[in-house]
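# Summary of the model geometry
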Amino acid sequence: MTALFARRIWTLCTLWAIASGLAWGQPEMPVPDPAAPLHERITAWDALLHEYHYHDNIVQTQVIFPPFGEDRHITGNHEDVAGHTAALLAAYSHRYAVTREPAHRAAADDLMQGILNLERVTGVPGCVARSFYQTDRPLWHEQAYFFPNEWHDSKTMPGYRWEGDLSSDKFTDFFFAVGTYWEICADEEHKQLAADFLDRFVGRCVDFNFKLVDVDGKMTLWGNFCPDLPHENLNALEMLAGLRTAYKVTGKDRYLAAYHMLIDRYHYDDQAILAKVLWPKEWTVPWDDSLAAQSYYMLMRFEDDPSLMQKYRMSINRHYFAWKDYKFGYASVPFYFMLYQVLTGEEAVDGSVLDAIKNMRGGHRTLRTFTKNTPDGPQQVQSYEEEVSADTILNYWFGRHYGFIDPAW
C-alpha cells in the first residue's frame with residue numbers, strides 16, 4: 001500500500017467517522033494521519049494532548065467525551081495522571097535542550113508547577129497526589145476506576161478533589177522527570193523549585209523508613225521500598241536511583257548516606273541486578289521496564305564508583321536480554337533501545353528500531369459503549385475515549401536530543 005493510498009483511505013475513514021460520530025460527540029480534532037511524516041504526527045499528538053488532556057498544568061491519562069463524559073475533559077481514569085504529567089515534563093525538558101525556545105522552557109515550567117500542585121493539593125509537604133480536578137461535587141469516574149476510596153476534598157486548594165495512594169511507579173516518574181528538568185531545562189529559580197520538591201518528596205520517604213506514606217500516615221499499597229519488609233528487586237533499583245538523583249539535585253549528604261547504607265547493610269545493589277523478571281513470562285509487564293529504564297538513566301549517569309557501575313551494567317544487560325526480543329506494540333519500547341545505547345555506548349538502535357520510531361503512534365481513540373446510571377435505571381451510552389500520547393512525545397524528543405531521530409522524518 002502506497003503512502004498516498006494509505007492517506008486517502010485514512011481521509012475517507014476520518015470523514016466517515018466524523019459524519020457518523022456527530023451523534024456520539026466525536027471530538028472536533030481528528031487523530032493524526034498515520035501516513036504523515038513523524039514530525040507532523042508528533043505536532044498533532046501534542047496539539048491533541050493540550051486540547052483534550054491538559055488542565056491545571058497536569059495531563060489527563062484518558063479522556064471520555066460527551067455524552068458519557070463531561071463537557072470539561074476531566075472524566076476518565078485518573079490513576080496515572082501524575083505519571084503522564086511527569087512524562088511530558090521530561091519530554092519538554094528534552095525539547096528545550098534541542099530547540100532552546102523560551103516557549104518550550106515555559107511549557108516545562110508550567111508542568112513543574114502542575115507537579116507542585118499535586119503536592120500542594122494534599123496539604124502535606126512531600127505527600128503527592130495521583131491526580132486532582134476542579135469540581136463542586138464528586139463525579140462518577142471516582143467510583144468507576146482504581147482507588148475509589150482514595151478521593152478527598154482538598155483543604156489547601158478549595159474546590160478541588162484529589163486522588164491519593166501514590167505508588168512506586170510515580171516515585172520513579174518524579175525523580176526521572178524532575179531530575180531531567182533540573183539538569184537540562186530549568187533556570188536557576190526553577191532549579192531551586194525542583195530541588196526543593198525532590199527534597200520534600202524523597203526526604204519524606206527516607207523519614208518513613210523508605211516507604212511512601214499517605215496523608216493518613218500509612219504506607220501506600222505499592223509504596224514499599226523498605227529494607228525491613230519484603231520488597232521487589234525493582235523497588236531496590238528505583239530507590240537507589242531516587243536517592244542518587246536527590247543527592248545530585250539537592251547536594252544534601254543525607255541522600256548519599258542513605259544510598260550507601262542501603263548498599264552496605266542491605267545489599268540493594270545486588271538486588272538491583274535482578275530487577276528484571278525474566279520468568280515466568282506472565283509476570284513480565286511493560287510498565288516495569290519503563291520504571292527500570294528511567295532508573296538506569298539517572299543512576300548510571302550520576303554514579304562514578306566502578307564496582308557499582310559494573311553491577312548496574314549487569315542489571316541493564318539483563319533487561320536488554322528481554323528488550324531485544326520485544327515487539328514494538330508498546331509505546332515506550334523504542335525508548336529502551338535509545339536509552340541502552342546512550343548509557344552503554346553499544347549499538348542498539350538498528351534499522352528495525354529506526355523503522356519502529358518512524359512509525360510510532362500515539363494514544364488510541366475508540367468508540368465504546370458505556371453503562372450510565374440514571375433515575376430511570378442503567379442506560380447504554382456510546383462515547384469516544386482517547387488515550388494520551390505523552391510517552392510517544394517523550395520518545396520523540398529524547399531521540400531528537402540524542403541524535404537518533406532526524407527532524408525531517
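One open sheet accounts for 3 strands, arranged β3-β10-β9; its pairing is antiparallel. Because the sheet does not close on itself, it has two edges, and the strands there are β3 (62-64) and β9 (365-374). Sheet twist, expressed as the average angle between the axes of neighbouring strands with direction ignored, equals 35 degrees. Bridging between β3 and strand β10 (residues 377-387) involves 3 bridges; their strand directions are antiparallel. Pairing of Q62 across the sheet is with E387, part of β10. The sheet strands contacting helix α2 (residues 38-53) are β3, β9 and β10, and the helix crosses β10 at an angle near 145 degrees.

As a further point, take the packing of α2 against helix α3 (residues 81-99). Pairs of packed helices are described in terms of their axes, by the angle between the two and the distance that separates them. Where α2 contacts α3, the axes come no closer than 14 Å and their chain directions differ by 135 degrees. Comparing the axis directions of α2 and α3 gives the class oblique. Judged by the twist between their axes, the crossing of α2 over α3 is left-handed. Packed against α2, whose contacting residues are D46, L49 and H50, the element α3 presents L88, Y92 and R95 at the interface. The residue makeup of the contact of α2 with α3, split by class, is 3 nonpolar, 1 polar and 2 charged.

This part takes up the confidence of the model for the protein. Regions with low pLDDT carry predicted coordinates that are not meant to be interpreted in detail. Of all residues in the protein, 94% attain a pLDDT of 70 or more, and the chain-wide mean is 92. Within the model, pLDDT remains below 50 along residues 1-23, and this stretch shows 18 contacts once partners closer than five positions in the same chain are excluded.

This part is about the packing of helix α8 (residues 233-250) against helix α9 (residues 253-264). Interaxial distance between α8 and α9 falls to 8 Å at its minimum, and their mutual angle equals 155 degrees. Considering the angle they form, α8 stands roughly antiparallel to α9. For the pair α8 and α9, the sense of crossing is left-handed. Seen from α8, the contacting residues are M239, L240, L243, R244, A246, Y247 and T250; seen from α9, they are D253, Y255, L256, A258, Y259, L262 and I263. Of the residues that constitute the contact of α8 with α9, the class distribution is 11 nonpolar, 1 polar and 2 charged.

Definitions and cut-offs
- Here the residue numbering is sequential within each chain, running from 1 through the sequence in written order.
- Only residues with pLDDT of at least 70 are given local features in this predicted model, and only at 80 or more are side-chain atom pairs given and counted; all residues enter the totals for whole chains, interfaces and linings.
- Side-chain numbers come from the whole structure's heavy atoms, not from hydrogens or water.
- Two strands form a pair only when DSSP identifies at least two bridges running between them.
- Segments assigned H or I by DSSP are reported as helices when at least four residues long, segments assigned E as strands when at least two residues long, and all are numbered from the N terminus.
- Axis definition: a line fit to C-alpha positions, over the contact stretch in the case of helices; interaxial angles, taken between N-to-C directions, run 0 to 180 degrees.
- By the convention used here, residues are in contact when the closest approach between their heavy atoms is within 4.5 Å.
- Any angle that is under 35 degrees is reported as roughly parallel, and any over 145 degrees as roughly antiparallel; angles of 65 to 115 degrees are reported as roughly perpendicular and all others as oblique.
- Note on convention: near helix rotated counterclockwise from far helix by under a right angle means a left-handed crossing. Clockwise means right-handed.
- Only Asp, Glu, Lys and Arg are considered charged, only Ala, Val, Leu, Ile, Met, Phe, Trp, Tyr, Cys and Pro nonpolar, and every remaining residue, Gly among them, polar.
- The pLDDT value expresses, per residue, how confident the predictor is, ranging between 0 and 100.

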